[in-house]
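Structure at a glance
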Amino acid sequence: MSLKGQTVRIIVNEPWNWEGNLFGTILSDRGGDKLLVKLTKPIKGRKLTSDLIELKPRYKKETFKPLGQYYSVTVLGALVDGKNDEYDYIITGSVTLD
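**With respect to the pairing of strand E6 (residues 86–97)**
- For E6, the buried fraction is high: nine of the 12 residues fall into the buried class.
- Where strand E1 (residues 7–14) lies against E6, six bridges are found, and the strand directions are antiparallel. Bridge assignment links Glu-14 to a residue of E6, and that residue is Thr-92.
- As defined by bridge partners, strand E5 (residues 73–81) adjoins E6 across nine bridges and the pair is classed as antiparallel. Paired with Gly-77 across the strands is Ile-91, a residue of E6.
- What sits between the antiparallel neighbours E5 and E6 is a turn of four residues, in which Asp-85 has the positive phi angle 55°.

Structure (structure tokens):
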């Protein structure tokens, strides 16, 4: 099952002082081990400001397949600069289909 086009909610666990959840639409689900999500609004990281975030499962051997059954997956998230392939790792949290 392709996750492309699905809307997601990202609940941020770290940094602990993060305010609110993130929402967006999956642009690609690269082989089940990465999601590229276009956020509803840009966020500012340490190095980048972007509305694109790449999510990877936090734990080895975990994939995004549980999202298809409406389970959450613990993720690491990095802002992505679509032009220069720069990454800015900013969050740890969980993602679910919205």
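Anyway, onward from the coordinates.
**With respect to the pairing of E1**
- Bridge analysis of E1 against strand E2 (residues 22–28) gives four bridges, and the strand direction is antiparallel. Bridge pairing in E2 links Arg-9 to Phe-23.

**Considerations on the sheet that holds E1**
- Here we have six strands rolled up into a closed barrel, ordered E1-E2-E3-E4-E5-E6, and antiparallel in their pairing. Neighbour to neighbour, the strand axes of the sheet diverge by 45° on average, direction disregarded.

**What to know about the nonpolar core**
- In terms of nonpolar packing, the biggest core is built from 22 residues, with Ile-10, Leu-35, Val-37, Leu-55, Phe-64, Leu-67 and Val-95 touching the most fellow members.
- Listing elements by their share of this core, those giving two or more residues are E1, E2, strand E3 (35–44), strand E4 (49–57), E5 and E6.
- Those residues in contact with Leu-35 that lie beyond four places of it in its chain are Leu-3, Ile-26, Ser-28, Asp-29, Ile-53, Glu-54, Leu-55, Phe-64 and Leu-67.

Cut-off values and rules
- Residues numbered from 1 in each chain as written.
- Predicted model: local features only at pLDDT ≥ 70, side-chain atom pairs only at ≥ 80, totals over all residues.
- Heavy atoms only, no water.
- Buried < 20%, exposed > 50% of the residue type's maximum accessible area, 1.4 Å probe, protein only.
- Helix = DSSP H or I, 4+ residues; strand = E, 2+ residues; numbered from the N terminus.
- Pairing = 2+ DSSP bridges.
- Axes fitted to C-alpha atoms, helices over the stretch in contact; angles between N-to-C directions.
- Core = buried A, V, L, I, M, F, W, Y, C linked by side-chain atoms within 4.5 Å.
- Contact = heavy atoms within 4.5 Å.

Everything listed here is a matter of geometry and, on its own, says nothing about what the molecule does.
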